[in-house]
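Descriptive structure summary
Here are the chains, one letter per residue:
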Amino acid sequence: MISVIILTKNEEADLPICLQSLQWTDDVHVLDSLSTDRTVEIAYQYGASVATNAFESFGKQRNFALQNISLKYNWILFLDADEVATPEFAAAVLKTTAEADENIAGYYCCWKMMLEGRWLKRCDNFPKWQLRLLRKGRVTYTDFGHGQKEDQVLGKAEYLREPYLHYGFSKGWSHWIERHNRYSTLEAEARLKHRPPFKNIFSKHGSTRNPALKSWLSRVPGWPLLRFIHAYIFALGFTEGIQGLTYCINISYYEYMIIIKMREIMTNNKVKTQNVDAPAHNDTEAAALVLQASE
């Protein structure tokens, strides 16, 4: 069997359908970040155990869960409250972990991005990969941008091809825009301060390749517009109706926010450097300058 960990904060709207999709396991844990709604109450109603930890970042929160929650099984699946394990995904998880060699530390999982009931396969560049299924004691996480990526992996990481569902817009566009405004600040800092080596662009592993692509493409003039053109035209996002157009516009706007915040950070850093390098005057020199100016 599988132990499941769900990270939450004010997820009363999404959590029920996530928990309903996990009735195939008897070890579900909710790690809550001090919710003020009915999230914890709903978790208990569905038989999940609940732990609490103030949220700092996704990487730290996942590591806290791995280090502090008492898990029943040797295999662990991370889901978010707006994600749903389909019967096909659950069957693939159970079958894959039962047959896994001992040298396998975990599996990259992918998702179907859903908007208004439509799978945005082309707009969202399916498949995208995150290491979400792991063997106990074999994987740790580190922060990257607004999210996280695997840090230490003791063994091999393979791929689970059957996707789960991701309802990233379930709380409405106002919530999505507000959240991605915060995310864009973290992404801007990460792309400037932690730019991966250029060679990572050619990696066969999406978790290595995608951060490198984002970081390097952010420096290409007109990148937000190019992001839209690639997703909507070359990736055939226009075939996914009004949902595809809406998604492509907003994801391009998100990239634009990242670009202007990168520029803002660089400008602020330049000003700070100039201030540090400027010659300092002592009090006597300052007084002399004032007298000279008044003559």
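The present account deals with the structure reproduced in this document. All values derive from a computational prediction rather than experimental measurement.

What follows covers the packing of aromatic side chains. Under the counting rule described, the total for this entry stands at 16 aromatic pairs. Ring centres 4.9 Å apart and planes at 25° place the aromatic pair Y108 and Y159 in the stacked group. Here Y159 lies in strand β12 (residues 156-159) and Y108 lies in strand β6 (residues 104-109), a separation of 51 residues in the sequence. Ring plane angle 70° and centroid distance 5.3 Å describe the contact between W173 and W176, whose orientation is recorded as edge-to-face. Remark: W176 and W173 occur in helix α5 (residues 173-193); sequence separation between them is 3 residues, near one turn of the helix. An aromatic cluster is built from F169, W173, W176 and Y247, whose rings are joined through pairwise contacts. Residue placement shows R62 over the ring face of F78; its charged tip is 4.9 Å from the ring centre. A cation sits over an aromatic face here: K112 above W119, 4.4 Å from the ring centre.

Attention shifts here to the sheet that holds strand β13 (residues 164-166). Spatial strand order, β5-β13-β7-β8: 4 strands in an open sheet with mixed pairing. Of all strands in the sheet, those bounded by a partner on one side alone are β5 (83-84) and β8 (118-119). Across 3 bridges, the pairing between strand β7 (residues 111-115) and β13 is parallel. Residue pairing for β13: M113 is matched across the bridge by H166.

Let us now look at the pattern of salt bridges. Inspection of the entire model under this criterion finds 16 salt bridges. Residues E41 and R38 are paired through a salt bridge, measuring 3.3 Å at the closest nitrogen-oxygen approach. Owing to a relative accessible area of 40%, E41 belongs among the partly exposed residues under this scheme. A salt bridge links R191 to E187; the nearest nitrogen and oxygen atoms lie 3.3 Å apart. Taken as a pair, R191 and E187 lie in helix α5 at a separation of 4 residues, close to a single helical turn. For the residue pair R191 and E187, the accessibility class agrees, reading buried in each case. Taken together, the shared-partner salt bridges in this structure form one network comprising R62, D80, E83 and R132.

Rules and cut-offs
- Residues numbered from 1 in each chain as written.
- Predicted model: local features only at pLDDT ≥ 70, side-chain atom pairs only at ≥ 80, totals over all residues.
- Heavy atoms only, no water.
- Phe/Tyr/Trp six-rings, centres within 6.5 Å; stacked < 30°, edge-to-face > 60°.
- Helix = DSSP H or I, 4+ residues; strand = E, 2+ residues; numbered from the N terminus.
- Lys NZ or Arg CZ within 6 Å of the ring centre and 35° of its normal.
- Pairing = 2+ DSSP bridges.
- Salt bridge = Lys/Arg side-chain N within 4 Å of Asp/Glu carboxyl O.
- Buried < 20%, exposed > 50% of the residue type's maximum accessible area, 1.4 Å probe, protein only.

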